[in-house]
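# Breakdown of the fold
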Amino acid sequence: MTKTVVVLGAGMAGLPIAHYLLRKTSTQHTDLRVVLVSPHDTFYWKIASVRFALPDQMTEDKYMYPLAEQFTSYPTEKFELVIGAAETLDPEQNTVGIRVGDGELRSIEYHTLVVATGSRYREDMPWKEVGTSEQTRASLAKLRVQIRDARSIVVAGAGLTGVEFAGELGSAYAKSGLKEITLVGVGELPLEDKIKQSVRETARRELKKLNVRYIGGARVATKTSDDGTKAKSVTLTRADGTTQTITADLVVPTFGLVPNTSFAPEGMRAASGCLRQGEDLRVPGYKNIFVLGDAGDLQPAQAANTDTQTRHLMTQFNSYFRGEAIQPYVFDNSKVQMAFTIGRDRGTGQAGSWQIWSILIWFLKGRHLGTNTADAYARGDAGGMGRAWPK
Ligand SMILES: Cc1cc2nc3c(=O)[nH]c(=O)nc-3n(C[C@H](O)[C@H](O)[C@H](O)COP(=O)(O)OP(=O)(O)OC[C@H]3O[C@@H](n4cnc5c(N)ncnc54)[C@H](O)[C@@H]3O)c2cc1C
């Protein structure tokens, strides 16, 4: 009997998993059929969104790849692409309810479910997918006009996205004096606490070289006249309760990652909103539901973690579909591995306890922000992060 594997989400985990099941696993398990579900009908290369969100930086063909085109080589009896969002999950009946384009809620029965629905940013910011491809395009278009028209911009939130976006704005506008750019973060230094002090100091120094002002120990509390185009007066609050008011034409939020898990039963979710993810990457209590990437609660929301989880699951499929035991996923959340671009030419980062050279970050990440290999990732050729797939 056919075993239907439903993959929810065609992002950095769901897309390679679907390709792998079709290309590798199904050669040994000929009874598999894969249904890939995605509200976004394009694969979105979000790693570069901090650059292409600026006007005139990149054409859409560098960061949006039509999903249907990536799967044309697979026989239709083995693969179906469903453009829609999961709205319900009934693990007792093994069904998911998918809201498809015309508004119908389509019920799909699965043998195995892989949840790879990731996360999104608050306020419909296009750092990641905003619902459908049309919604993401509209959000990008609005932001580009706002950036073009603003003389002064406050970037709210100094995590990876905020630092990289402020760096791009610095490179494009502040360095040459075209616009004033301010980055506001809760830490005295940019980036999260878990990052080494020296890396965070480098980030602040590199931003300063681009004429980006950093205001630390503060968060954006209120902004007046914020009609979506102009925010004149921006109040910052500090941990000690004091406030500071600055002015800016535009405030751009870069914080607030929300997991896309509302379709799942309450009991499957952790307090963070992510799905509970056991060390075999399954939802505890459910032998046929796997969770990967940002939607799960095992590891911080990073592509590097998504990639190792995805690769691990790939190596377990043969045993799983034979009905055998699968191996636990081994990980170490104390090890920091992150690269931050700061503008077009510089960057900083950390691998374990080592600080990574700026030139290496530029070479490995900042030059292209992955857009040079994103098409291969979308087609399933690079096997994810430019490395070959597991056998
Ligand atoms: C600007 C930026 C730069 C980054 N740089 C790095 C980096 O350098 N290194 C690093 O390790 N990480 C980086 N990340 C983080 C990385 O992008 C995420 O960790 C990664 O995308 C997670 O992959 P995922 O497959 O879990 O989720 P996503 O890539 O978010 O994909 C989830 C998919 O699920 C779909 N979906 C949503 N809701 C539903 C639903 N209800 N039903 C079906 N499908 C749904 C979405 O449309 C989306 O396509 C960066 C993130 C951003 C925003």
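Above this text sits the structure in question.
Since the structure is predicted, the reported quantities are computational estimates derived from the model, not experimental observations.

So, on to the overall build of the protein chain. Along the protein chain, the regular secondary structure elements total nine helices and 21 strands. Taking 391 residues into account, the globule formula puts the C-alpha radius of gyration at 21 Å, and the protein chain, at 21 Å, falls close to it. Viewed in the frame of its principal axes, the protein chain has a C-alpha envelope of about 65 × 45 × 40 Å. For the protein chain, the residues scored as buried account for 54% of the 391 residues in total. Partitioning the contacts of the protein chain with sequence separation of at least 6, the portion at a separation of at least 24 is 64%. Carbon together with sulfur atoms contributes 51% to the accessible area of the protein chain, which is approximately 17400 Å² in total. For the protein chain, the distance from the average position of its 47 positive side-chain charges to the average position of its 42 negative side-chain charges is 6 Å.

Take the pairing of strand S10 (residues 152–156) next. Across the five residues that make up S10, a large majority, five, are buried. Residue alternation in S10 divides its side chains into two sets, Ser152, Val154 and Ala156 and Ile153 and Val155, and both sets are buried. As paired strands, S10 and strand S11 (residues 180–184) are joined by five bridges and run parallel to one another. Its bridge partner being in S11, Val155 is matched across the sheet by Leu183. A crossover links S10 with its parallel partner S11, the connecting element being helix H5 (residues 160–174), and its sense is right-handed.

Our focus in this paragraph is the environment of Glu324. Its location among the elements puts Glu324 in the loop between helix H7 (303–321) and strand S19 (337–342). Each C-alpha atom, one on Glu324 and one on Gln28, is 15 Å from the other, the two residues being 296 residues apart in sequence. Within the structure, Glu324 has its side chain in polar contact with the side chain of Arg322 (distance 3.2 Å).

We now examine the sheet that holds S11. Spatially, four strands are ordered S12-S11-S10-S16 in an open sheet, and the strand pairing comes out parallel. Since the sheet does not close on itself, it has two edges, and those belong to strand S12 (212–215) and strand S16 (250–253), each with one partner. Across this sheet, the average inter-strand angle for adjacent strands is 20°, counted without regard to direction. Of the strands in this sheet, S10, S11, S12 and S16 touch H5, which is tilted by about 170° from S11.

What follows concerns helix H1 (residues 14–28). For an α-helix, 3.6 residues make a turn, and residues three or four places apart therefore share a direction. With 15 residues, H1 extends 21 Å between its outermost C-alpha atoms, agreeing within 8% with the 21 Å of an ideal straight helix rising 1.5 Å per residue. Where H1 bends most, at Leu21, the angle is about 40°.

To continue, consider the pattern of salt bridges. Overall, the coordinates contain 21 salt bridges when judged by the stated rule. Between Arg33 and Glu80 there is a salt bridge; the shortest N-O distance is 2.9 Å. In this pair, Arg33 sits in strand S2 (residues 32–38) while Glu80 sits in strand S5 (residues 79–90), placing the two residues 47 residues apart along the sequence. For Glu80, a relative accessible area of 22% gives the class partly exposed. Its salt-bridge partner being Arg346, residue Glu206 comes within 2.9 Å of it at the nearest N-O pair. Pair noted here: Glu206 is in helix H6 (residues 197–209) and Arg346 is in strand S20 (residues 346–351), with a separation of 140 residues, a long-range link. On the basis of relative accessibility, which here comes to 5%, the residue Glu206 falls in the buried class. Residues joined in a network through salt bridges with shared partners are Arg23, Asp375, Arg379 and Asp381.

What follows is about the packing of H1 against H7. In the contact formed by H1 and H7, the axes pass within 11 Å of each other and the chain directions differ by 30°. In terms of their interaxial angle, H1 and H7 are classed as roughly parallel. The handedness of the crossing between H1 and H7 is right-handed. Note on element contacts: H7 touches H1 through Thr310, Leu313, Met314, Phe317, Asn318 and Phe321, opposite Pro16, Ile17, Tyr20, Leu21, Thr25 and Gln28. Looking at side-chain class alone, the contact of H1 with H7 contains eight nonpolar, four polar and no charged residues.

Moving on to the packing of aromatic side chains. Scanning the model with the defined rule gives 14 aromatic pairs in all. Taking the centre distance of 5.8 Å and the plane angle of 45° together, the rings of Phe71 and Tyr74 count as tilted. Given a relative accessible area of 3%, Phe71 falls into the buried group. An aromatic cluster is defined as three or more aromatic residues linked by ring pairs; in this entry it consists of Phe290, Phe317, Tyr320 and Phe321. One Lys or Arg, Lys179, reaches over the ring of Tyr173 and ends 4.9 Å from the middle of that ring.

The next subject is the sheet that holds strand S21 (residues 354–356). In spatial order, the strands read S19-S20-S21; together these three strands make up an open sheet with antiparallel pairing. Of all strands in the sheet, those with a lone pairing partner are S19 and S21, marking the two edges. The mean angle between the axes of side-by-side strands here comes to 15°, regardless of whether they run parallel or antiparallel. One ladder, built from six bridges, connects S19 with S20; its direction is antiparallel. Each bridged residue has a counterpart across the sheet, and for Thr341 the counterpart in S20 is Gly347.

Thresholds applied
Residues numbered from 1 in each chain as written. Predicted model: local features only at pLDDT ≥ 70, side-chain atom pairs only at ≥ 80, totals over all residues. Heavy atoms only, no water. Helix = DSSP H or I, 4+ residues; strand = E, 2+ residues; numbered from the N terminus. Rg over C-alpha atoms; globule rule 2.2 N^0.38 Å. Buried < 20%, exposed > 50% of the residue type's maximum accessible area, 1.4 Å probe, protein only. Contact = heavy atoms within 4.5 Å. Areas by Shrake-Rupley, 256 points an atom, 1.4 Å probe, with all protein chains shown as cover. Lys, Arg positive; Asp, Glu negative; His and termini not counted. Charge placed at Lys NZ, Arg CZ, Asp CG, Glu CD. Pairing = 2+ DSSP bridges. Right-handed = clockwise from strand over helix to strand, strands pointing away. Polar contact = N/O pair within 3.5 Å; in protein donor to acceptor, adjacent residues only side chain to side chain. Axes fitted to C-alpha atoms, helices over the stretch in contact; angles between N-to-C directions. Expected span 1.5 Å × (residues − 1). Bend = angle between axes of the 7 residues up to and from the residue. Salt bridge = Lys/Arg side-chain N within 4 Å of Asp/Glu carboxyl O. Parallel < 35°, antiparallel > 145°, perpendicular 65-115°, else oblique. Left-handed = near helix turned anticlockwise from the far one by under 90°. Nonpolar A, V, L, I, M, F, W, Y, C, P; charged D, E, K, R; others polar. Phe/Tyr/Trp six-rings, centres within 6.5 Å; stacked < 30°, edge-to-face > 60°. Lys NZ or Arg CZ within 6 Å of the ring centre and 35° of its normal.

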